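Observations on the model geometry
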Amino acid sequence: MEPADRPSEIVAPYDPGQVETKWRTRWAERGTNVADIADARRPYYALMMFPYPSAEGLHVGNMFAFTGNDIFARFQRMQGLDVFEPLGYDAFGIHSENYALKVGVHPAEMIPRNIANFRRQLERGGLMVDWSRSLSTTDPEYYRWTQWVFLQLYKKGLVQKKAGAVNWCPTDKTVLANEQVINGECERCGSKVEQRFLEQWYFAISSYAERLLHNLDTLDWSETTKTAQRNWIGKSEGAEIWFDGIKVFTTRADTIYGATYVVLAPEHPLVDAHTTESQRAAVEEYRARAARRDLVSRKTTKDKTGVATGSTVTNPATGEKIPVWISDYVLMEYGTGAIMAVPAHDERDLEFAHGFELPVKKVVLEDETLIDSGEFTGMSVHDAKRAIVASLAARNKAEPVTNYRLHDWCISRQRYWGPPIPIVYCDDCGVVPVPEKDLPVVLPFIEDFKPDDSGISPLARHDEWYRVPCPTCGKMARRETDVSDTFLDSAWYFLRYPSVGNNDVPFDPTITKKWLPVDSYIGGNEHAVLHLLYSRFVTMVLSDMGLIDFEEPFTKFRAHGLIIREGAKMSKSKGNVVNPDDYIDTWGADAFRTYLMFLGPFEEGGDFRDKGISGVKRFLDRLWASVRDSVQDGAPDVEVQRKLHATIRKVGEDIPRLSYNTAIAAMMEYMNALRKGDRVARRSEVEPLVQLVAPFAPHLAEELWEQLGHTTTVFESTWPVFDPELLTQDEIELVVQVNGKVRGKIRVARDIGSDEALSIALADPGVSKFVTEKPTKIVLVPGRLLSIVV
RNA sequence: GCGAGGAUGGCGAAAUUGGUAGACGCACCAGCCUUAGGAGCUGGCGGUUAACACCUUGGGGGUUCGAGUCCCCCUCCUCGCACCA
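What you see is a predicted model; the values in this text were computed from it and never measured.

Scanning chain A from terminus to terminus reveals 26 helices and 30 strands. Based on the C-alpha atoms only, the size of chain A along its principal axes is roughly 105 × 85 × 50 Å. Looking at the 790 residues of chain A, the share that counts as buried comes to 53%. Pairs at least 24 residues apart make up 72% of the contacts formed inside chain A by residues separated by at least 6 positions. Total accessible area on chain A is roughly 34,100 Å²; 51% of this is exposed by carbon and sulfur atoms. When the 93 basic and 112 acidic side-chain charges of chain A are each reduced to a single mean position, those positions are 2 Å apart.

Structure representation (structure tokens):
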């Protein structure tokens, strides 16, 4: 369609409310944002972390993240890709349930209301979201497949019910994953976490530790995120060494000649066997005391406590008898629950040794060579580690072992608001997984969903649901009453989006092959370990089962920064939370979006200042006015033309780098040049700018694009191309430095030689007055600067 | 303690990766236009100075013709992890 000669009559001032409503309606009517899932030729999956639909409504932090993703997605679309940008709701979980309990509304009533409000707010934000494929984790058609994922892992032998010490939150009255315990406190409510011994369902994520670590090298992720995952997986290579019947784990086998005692964790099974009669009472008392200690004080105490068992074991390297102690500074969960203590070379052992006046024997010098270490004396630490383990291994006293900090993932929650774990307990058949054809195990609507102290889910109180025929033998049996961790819901949702609508399978194989893995993923770094690690794990397992043909779900991941307000963190209690609705009402979604992206680098976040948005609004107003006033004809201005092409290049380079703030600055700069003085812009100067601004301010761009005479969406137009020829000038400004200080600027030919440049520079009195002697050195940086040294 | 990332005008921030520090915007100042303006337009805006100049990217040293950028030492801030042997 040929553009009209003049923009149609848009004398009216720019009214964002009107423009935005018009275009949101059009997009919905025309299906502009609906991806062609089946037939897309160049599929591009642009994913953002889905929000928890809180009762408070959309947070500006959500809007910031989504806008950042949306700009990238819209830009990719204008590069000719078939972009799929889905969004759903992570609506199960303790957070929703606690809130529901607090306000006395059932979550099943509250959540749909919250979702409706979120949807309204998200739509106002002008996101290119394909709402035809949205989802909520609370929908039985979704969690049916969450249960299916559980069953696949179960089938693969990666799900176990284990009794053990678990983190119990006394306020939320449920078990927490290790990842949800922060400094010994519940991540959600901040209560001190207690230890309880319960039977729980675990996913064997630790058996994937090496792959989870190794694959990180292949991923295009923010380096900070990868580092956080590496630390969390916590690989350490060492050896298990036998001190008679006690097996210890160490990464410092080279220090074995300095081992002066052995320490067992209080819960270690060999404690009894190593306790002599005379020490029995003291050891028992210490164990009891240690068991009562909460995790917080245990993890922060510098004063180490412990007690001798009275028994001794043989140091396999020296043959010496050394005493056995117990202390809670040794953790049962890590390594073998026993260590060889080398006070001279381990700070914790030293603290302990000082407390009990145990000997300290130095065996490694500052330059990392061994002393007093028998045949290994004089070796380097590096060589000795291997040599000592090899020598002990020859006598069956040691073997090299790699340990990981990563623990198995406890997915049981003794709560109501989650997908029931699809397991039935039968007196005859034992543990029976619910057959896939019987899914979903629907979460019943119950009024009294309040958890109690029993460690048993509220669902157990409902016999009509709890009692169920055994799927295998038909005899009455009992359901598992725990629900699964919310993080399981979000560990596979990206597989679901493209297949939403097909309720026969969790994800359609053909569609999945076409659209996954996710091309680009944007989200918060608070999920750097939890959600991203679990998603990678589930994906790997499904891949191993041949259900998908990739083992990493997110090819590219970028973490966005955080928004603060007027220099302070936003919080409900401070009352300084930015409500997107208010700003959109006043300034329009386009200005709000653009401002959010302008206030700082996307990956770092920024400071939201109420007055700052006016500058962005002014820019959009001027864009509107420029299109309105533009003329078809006019003298071509070489400078403006050059500026335009520089801007096209800059914006095109900045968007893929998520450097949105500088892209916007470049467009503003161009706008300033465009309207310099009384200048009236030419159509050819403003039209490409409308395209450049489209990912940021989509409604306004669509409106202006239409005003310029186009009948199809600006997002199906081709991104402007810059002409490199225009960007190289024949005559350039050369900066002249004398002894490192700028003394002048000269206009010269681009490819000028240094001799000629020097003579022109010296003709400038501002330069020559500093050149008092014959220059000793001349440095010419072509096209940039001339440095004269005297 | 370990790991990662920071520190640039009154403020948010830029800086083609070693080449004019402070782009762009906010705030502020002046002018124009207005009955008026918390509107619009134009210009100014790191510090010292009458000027020439000089100083200036948390502090101190170094490399270089040239350092916000590279190297060494130090201070402070933010975020992870934390008795993981």
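Look at the link from Leu 439 to Pro 440: it is a cis peptide, with omega at 0°. Structurally, the position occupied by Pro 440 is in the loop between strand S19 (430-433) and helix H12 (463-466). The phi torsion at Leu 658 lies on the positive side, around 60°, for a residue other than glycine. Inspection of the secondary structure assignment puts Leu 658 in the loop between helix H20 (638-654) and helix H21 (660-674).

This part is about the nonpolar core. Ranked by internal contacts, the top residues of the largest apolar core, which has 172 residues, are Trp 409 and Phe 592. The greatest single-element share of this core, amounting to 10 residues, is contributed by helix H2 (residues 60-78). Core analysis: the second largest hydrophobic core is formed by 33 residues, Tyr 286, Val 307, Ile 326 and Val 363 among them.

A word on the packing of helix H19 (residues 613-629) against H21. At a minimum axis separation of 11 Å, H19 and H21 run at an interaxial angle of 50°. Classified by the angle their axes make, H19 and H21 are oblique. Remark: the crossing between H19 and H21 carries left-handed chirality. For the pair H19 and H21, contact is made by Gly 615, Val 616, Phe 619, Arg 622, Leu 623 and Ser 626 and by Met 667, Met 668, Met 671 and Asn 672, respectively. The residue inventory of the contact of H19 with H21, partitioned by class, reads six nonpolar, three polar and one charged.

Here we come to the packing of helix H18 (residues 589-598) against helix H23 (residues 698-707). Packing of H18 against H23 leaves a shortest axis separation of 7 Å and a crossing angle of 125°. One element, H18, and the other, H23, form an angle in the oblique class. Here Ala 589, Asp 590 and Arg 593 of H18 come into contact with H23, specifically with Pro 698, His 699 and Leu 700.

Attention now moves to the protein's contact with RNA strand B. Within the structure, RNA strand B sits among 53 residues, and Thr 251, Lys 304, Arg 348, Arg 618 and Arg 784 are positioned closest to it. Among all atoms of RNA strand B positioned within 4 Å of the protein, those belonging to sugar or phosphate total 59%. Between a sugar or linking oxygen of RNA strand B and a main-chain N or O atom of Tyr 329, the distance comes to 2.8 Å. One nitrogen or oxygen atom from the side chain of Glu 733 is found 3.0 Å from a base oxygen belonging to RNA strand B. At six residues, the largest contribution of residues to the surface near RNA strand B is made by H21. Tallied by class, the residues present in the surface near RNA strand B amount to 18 nonpolar, 15 polar and 20 charged.

With mixed pairing, four strands are arranged side by side in an open sheet as S28-S27-S30-S29. The outermost strands of the open sheet, each flanked by one partner alone, are strand S28 (741-749) and strand S29 (777-781). Each neighbouring strand pair of the sheet contributes to a mean axis angle of 20°, computed without reference to strand direction.

With that settled, consider the state of the cysteines. Overall, the coordinates contain zero disulfides when judged by the stated rule. The thiol of Cys 470 is unpaired, and the distance to the nearest cysteine sulfur, on Cys 426, comes to 3.7 Å. Exposure remark for Cys 470: the relative accessible area of 3% places this residue in the buried category.

Now for the environment of Ala 28. If you trace the backbone, Ala 28 turns up in helix H1 (residues 16-30). Along the backbone, Ala 28 and Ser 626 are 598 residues apart, and their C-alpha atoms lie at a distance of 28 Å.

What follows concerns the pattern of salt bridges. Scanning the model with the defined rule gives 54 salt bridges in all. In this structure, Arg 657 and Asp 654 form a salt bridge, with 2.6 Å as the shortest nitrogen-oxygen distance. Asp 654 gets classed as buried once you look at its relative accessible area, which sits at 1%. The network of salt bridges with common partners includes Lys 22, Arg 26, Glu 703 and Glu 706.

Moving on to the sheet that holds strand S10 (residues 246-250). The sheet built from three strands is open, its strands ordered S10-S9-S15 with antiparallel pairing. Either end of the sheet is taken by a strand with one partner, and the two such strands are S10 and strand S15 (398-404). Taken over all neighbouring pairs, the strand axes of this sheet differ in orientation by 35° on average, direction set aside.

Moving on: the side chain of Lys 556. Residue placement: Lys 556 occurs in strand S24 (residues 556-560). Those residues in contact with Lys 556 that sit more than four places away from it in its chain are Phe 72, Asp 220, Trp 221, Val 518, Asp 519, Ser 520, Tyr 521 and Pro 656.

Throughout the structure, instances matching the rule amount to 43 aromatic pairs. Ring plane angle 85° and centroid distance 5.9 Å describe the contact between Trp 148 and Phe 507, whose orientation is recorded as edge-to-face. Here Trp 148, found in helix H5 (residues 140-155), pairs with Phe 507, found in the loop between helix H14 (493-496) and helix H15 (509-515); they are 359 residues apart in sequence, far enough to count as distant. Neither residue differs from the other here; Trp 148 and Phe 507 are each classed as buried. Among the aromatic residues, those joined into a ring-pair cluster are Phe 150, Tyr 154, Trp 201, Phe 203, Tyr 208, Trp 409, Phe 487, Tyr 534 and Phe 537. If you follow Arg 26 out to its NZ or CZ, it ends over the ring of Trp 23, 4.8 Å from the centre.

What follows deals with the environment of Gly 524. Counting through the fold element by element, Gly 524 comes out in strand S23 (residues 520-524). Each C-alpha atom, one on Gly 524 and one on Tyr 202, is 26 Å from the other, the two residues being 322 residues apart in sequence. Beyond its immediate sequence surroundings of up to four residues, Gly 524 is in contact with Met 49, Phe 557 and His 560.

Turning our attention to the pairing of strand S18 (residues 423-426). In S18, alternate side chains face the same way, and those of Ile 423 and Tyr 425 on one face and Val 424 and Cys 426 on the other are all buried. For S18 and S19, the ladder comprises four bridges, and the chain directions are antiparallel. Residue pairing for S19: Cys 426 is matched across the bridge by Gly 430. Count of turn residues in the S18/S19 antiparallel hairpin: three residues. In this structure, S18 lies alongside strand S21 (residues 476-479), joined through two bridges in antiparallel fashion. The residue of S21 that forms the bridge with Val 424 is Arg 479.

Thresholds, definitions, all that
Residues numbered from 1 in each chain as written. Chains lettered and ligands numbered in written order. Predicted model: local features only at pLDDT ≥ 70, side-chain atom pairs only at ≥ 80, totals over all residues. Heavy atoms only, no water. Helix = DSSP H or I, 4+ residues; strand = E, 2+ residues; numbered from the N terminus. Buried < 20%, exposed > 50% of the residue type's maximum accessible area, 1.4 Å probe, protein only. Contact = heavy atoms within 4.5 Å. Areas by Shrake-Rupley, 256 points an atom, 1.4 Å probe, with all protein chains shown as cover. Lys, Arg positive; Asp, Glu negative; His and termini not counted. Charge placed at Lys NZ, Arg CZ, Asp CG, Glu CD. Core = buried A, V, L, I, M, F, W, Y, C linked by side-chain atoms within 4.5 Å. Axes fitted to C-alpha atoms, helices over the stretch in contact; angles between N-to-C directions. Parallel < 35°, antiparallel > 145°, perpendicular 65-115°, else oblique. Left-handed = near helix turned anticlockwise from the far one by under 90°. Nonpolar A, V, L, I, M, F, W, Y, C, P; charged D, E, K, R; others polar. Near = heavy atom within 4 Å. Polar contact = N/O pair within 3.5 Å; in protein donor to acceptor, adjacent residues only side chain to side chain. Pairing = 2+ DSSP bridges. Disulfide = S-S within 2.5 Å. Salt bridge = Lys/Arg side-chain N within 4 Å of Asp/Glu carboxyl O. Phe/Tyr/Trp six-rings, centres within 6.5 Å; stacked < 30°, edge-to-face > 60°. Lys NZ or Arg CZ within 6 Å of the ring centre and 35° of its normal.

Interpretation in functional terms is not warranted from these geometric data alone.
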